[in-house]
Amino acid sequence: QVQLVESGGGLVQAGGSLRLSCAASGRSFSSYTMAWFRQASGKEREFVTAIAWLSTYYADSVKGRFTFSRDIAKNTVYLQMNSLKPEDTAVYYCAADRSGGSTTSDYNYWGQGTQVTVSS
């Protein structure tokens, strides 16, 4: 069993940066695929990025702007978001699974979400 808690969301102007954190408890996530998804108002939850062991994947919409990293010792993952755009506005969710992919159904464990709002 894994519990995830996101933090770091907030309101930022376009072009600014935020760093989201996701702290895991219950088990070490060293053997888990970790991912970030986001859901804008009225839209489907969409894949943002995932890391599985040594491989990191990014949605085309965030490549070059977002960076996913993990601190195994702290059992925490981070999403560094730079050059933010208004279209990045969404609730961001941390997710984990033994073997996840790029769809929501790939993940069994989810955080509560943290709101990111980017003003124009």
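Use the structure listed above.
My aim in this report is to walk through the structure given alongside it, one point at a time. All of these numbers come straight from a predicted model, not from anything done at the bench.

In this structure the tally under the stated criterion is four salt bridges. As a salt-bridge pair, E46 and R38 come within 2.7 Å of each other at their nearest N and O atoms. You can call E46 partly exposed: its relative accessible area is 34%. Put simply, R38 and D88 hold a salt bridge, and the shortest N to O gap is 2.9 Å. In this pair, R38 is assigned in strand β4 (residues 33-39) and D88 in the loop between β8 (76-81) and β9 (90-97), connecting sequence segments 50 residues apart. The exposure classification of R38 matches that of D88, with both residues buried.

Counted according to the given criterion, the structure contains six aromatic pairs. Relative to W110, the ring of Y93 has its centre 6.4 Å away and its plane inclined at 80°; by these criteria the two rings are edge-to-face. In this pair, Y93 is assigned in strand β9 and W110 in strand β10 (residues 109-110), connecting sequence segments 17 residues apart. Relative to W110, the ring of Y107 has its centre 6.2 Å away and its plane inclined at 75°; by these criteria the two rings are edge-to-face. With relative accessibility at 4%, the residue Y107 sits in the buried group. Through successive ring pairs, a cluster of aromatic residues spans F37, F47, Y93, Y107 and W110. Positioned above the aromatic ring of Y78 is the side chain of R19, whose terminal nitrogen or guanidinium carbon lies 4.0 Å from the ring centre.

With a relative accessible area of 5%, R38 lands in the buried category. For R38, the side chain forms a polar contact with the side chain of E46, separated by 2.7 Å. A distance of 2.9 Å separates the side chain of R38 from the side chain of Y92, its partner in a polar contact. With residues near it in sequence (within four places) discarded, R38 still touches E44, R45, E46, V48, S61, V62, F66, E87, D88, A90, V91 and Y92.

Cut-offs applied
- Residues numbered from 1 in each chain as written.
- Predicted model: local features only at pLDDT ≥ 70, side-chain atom pairs only at ≥ 80, totals over all residues.
- Heavy atoms only, no water.
- Salt bridge = Lys/Arg side-chain N within 4 Å of Asp/Glu carboxyl O.
- Buried < 20%, exposed > 50% of the residue type's maximum accessible area, 1.4 Å probe, protein only.
- Helix = DSSP H or I, 4+ residues; strand = E, 2+ residues; numbered from the N terminus.
- Phe/Tyr/Trp six-rings, centres within 6.5 Å; stacked < 30°, edge-to-face > 60°.
- Lys NZ or Arg CZ within 6 Å of the ring centre and 35° of its normal.
- Polar contact = N/O pair within 3.5 Å; in protein donor to acceptor, adjacent residues only side chain to side chain.
- Contact = heavy atoms within 4.5 Å.

Purely spatial values, then, with no claim about function.
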